[in-house]
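# Results of the structural survey
The residues making up each chain are set out below.
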Amino acid sequence: MVNDILFQLVLFFSNMIQSITGFAGTLLAMPFSIRLVGVVEAKTVLNIFTLMACLVISIQNRRYVNYKVLAKMAAGMLIGMVIGIWLFEQVPLQILLTFYAVLIILIAIKKMFWKKEITLPGWVMVMVLVAAGIIHGMFLSGGALLVIYAVYALKDKAEFRATISAVWVLLNSLLIVMSYQAANYNTATIKAILISMIPLALSVKIGNILYKKINQQQFLKVTYVLLLISGASLLF
């Protein structure tokens, strides 16, 4: 019971941060969620949770979606997702969790101390897309790598947010079908999903209010520290 309440709090705070910063929601939430409810329930609930949040953004900003870039992102990540799902079933979970934790910590350190964006060749960007799909297939957390490609392909801020949200709608919808086929939807997960709609609505509303009132750069620094803690929680 306590773990279930803490899980809903994690969903609330992580999505509020997502609403403010535009990234890091699932990346921040997943390690804590795994510890609280287990990897299968965490992935199942967070998938629906993220899908609903991104669906709202996509519908509200549909005129800004760059469909050409969306198609490229979805295709590259879909290839990676197939690989990621296969790896998740084949590689021991503890090895995957250790790799995932180290990745989160490296991303946080990079964001904190290395601000300069790197210009990479087109073929490397394609590999980044596939890598993002692999991570998303394993832990629903490919966003940090997808942003590398998105910064390269989408220069307009409105296009950036709307197109990335549309990517998650497409890919997470596919993951819902796969989760259903894997019989991951049971009484516990369905109950958690229904309850999570409350923190979802509250987090989006509060996040949008705070976005207009707080210093974005200062809040990002707090987010990176939280990412470090989140990644470290899987190592100890």
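For clarity, every value in this text was computed on a predicted model and none was experimentally measured.

### Remarks on the nonpolar core
Counting 67 residues, the largest nonpolar core has M73, F139 and L146 as the members making the most contacts within it. Sort the elements by how many residues they give to this core and helix α6 (residues 122-139) lands first, with 10 residues.

### Details of helix α2 (residues 25-37)
In an α-helix, one turn spans 3.6 residues, which is why side chains three or four residues apart end up on the same side. With 13 residues, α2 extends 17 Å from end C-alpha to end C-alpha; this agrees with the ideal 18 Å at 1.5 Å per step. If you look at α2, its biggest bend is around 30°, right at P31. Within α2, burial applies to G25, T26, L27, L28, A29, M30, P31, S33, I34, L36 and V37. The positive-phi residue at the C-terminal boundary of α2 is G38, with phi of around 95°.

### Here's the deal with unusual backbone geometry
Most peptide bonds are trans, and most residues other than glycine sit at a negative phi. The backbone phi angle of L140 is positive, close to 55°, even though this residue is not glycine. With respect to the helices and strands, the residue L140 is situated in the loop between α6 and α7 (143-153). Here A183, not a glycine, exhibits a phi torsion of approximately 60°, which is positive. Summarising the element assignment, A183 is placed in the loop between α8 (157-181) and α9 (187-213).

### Here we look at the confidence of the model for the protein chain
Residues with a pLDDT of 70 or more make up 94% of the protein chain, whose mean pLDDT is 86. Mean pLDDT across the elements of the protein chain ranges from a minimum in helix α10 (residues 216-232), with 77, to a maximum in helix α4 (residues 67-90), with 94.

### Some words on the packing of helix α3 (residues 39-60) against α9
The N-to-C vectors of α3 and α9 enclose an angle of 40°; their axes lie 9 Å apart at closest approach. Between α3 and α9, the crossing angle belongs to the class labelled oblique. Considering the relative orientation of α3 and α9, their crossing is right-handed. Across from E41, T44, V45, I48, F49, M52 and A53 in α3, the residues of α9 making contact are A188, T189, A192, I193, S196, M197, P199, L200 and S203. Taken together, the residues that form the contact of α3 with α9 break down as 11 nonpolar, 4 polar and 1 charged.

### Remarks on a nonpolar patch on the surface
There is a patch of nonpolar side chains on the surface, built from M1, V2, I5, L6, L9 and F13 and spanning about 620 Å² of accessible area. Note that M1 resides in the segment before α1 (2-21). Using a relative accessible area of 75% as the deciding quantity, one classes M1 as exposed.

### Considerations on the packing of aromatic side chains
All chains considered together, the criterion is met by 4 aromatic pairs. Measuring from ring centre to ring centre gives 5.9 Å for F88 and F139, while their planes differ by 85°; the resulting arrangement is edge-to-face. With a gap of 51 residues between them, F88 in helix α4 and F139 in helix α6 connect regions that are remote in the sequence. A centroid spacing of 4.3 Å and a plane angle of 15° characterise the contact between Y100 and F139, whose relative ring orientation is stacked. Here F139 lies in helix α6 and Y100 lies in helix α5 (residues 93-113), a separation of 39 residues in the sequence.

The rules we used
Residues numbered from 1 in each chain as written. Predicted model: local features only at pLDDT ≥ 70, side-chain atom pairs only at ≥ 80, totals over all residues. Heavy atoms only, no water. Core = buried A, V, L, I, M, F, W, Y, C linked by side-chain atoms within 4.5 Å. Buried < 20%, exposed > 50% of the residue type's maximum accessible area, 1.4 Å probe, protein only. Helix = DSSP H or I, 4+ residues; strand = E, 2+ residues; numbered from the N terminus. Expected span 1.5 Å × (residues − 1). Bend = angle between axes of the 7 residues up to and from the residue. pLDDT = per-residue confidence, 0-100. Axes fitted to C-alpha atoms, helices over the stretch in contact; angles between N-to-C directions. Parallel < 35°, antiparallel > 145°, perpendicular 65-115°, else oblique. Left-handed = near helix turned anticlockwise from the far one by under 90°. Contact = heavy atoms within 4.5 Å. Nonpolar A, V, L, I, M, F, W, Y, C, P; charged D, E, K, R; others polar. Patch = residues over 30% accessible without salt bridge, like charges linked within 9 Å, V, L, I, M, F, W, Y side chains within 5 Å. Areas by Shrake-Rupley, 256 points an atom, 1.4 Å probe, with all protein chains shown as cover. Salt bridge = Lys/Arg side-chain N within 4 Å of Asp/Glu carboxyl O. Phe/Tyr/Trp six-rings, centres within 6.5 Å; stacked < 30°, edge-to-face > 60°.

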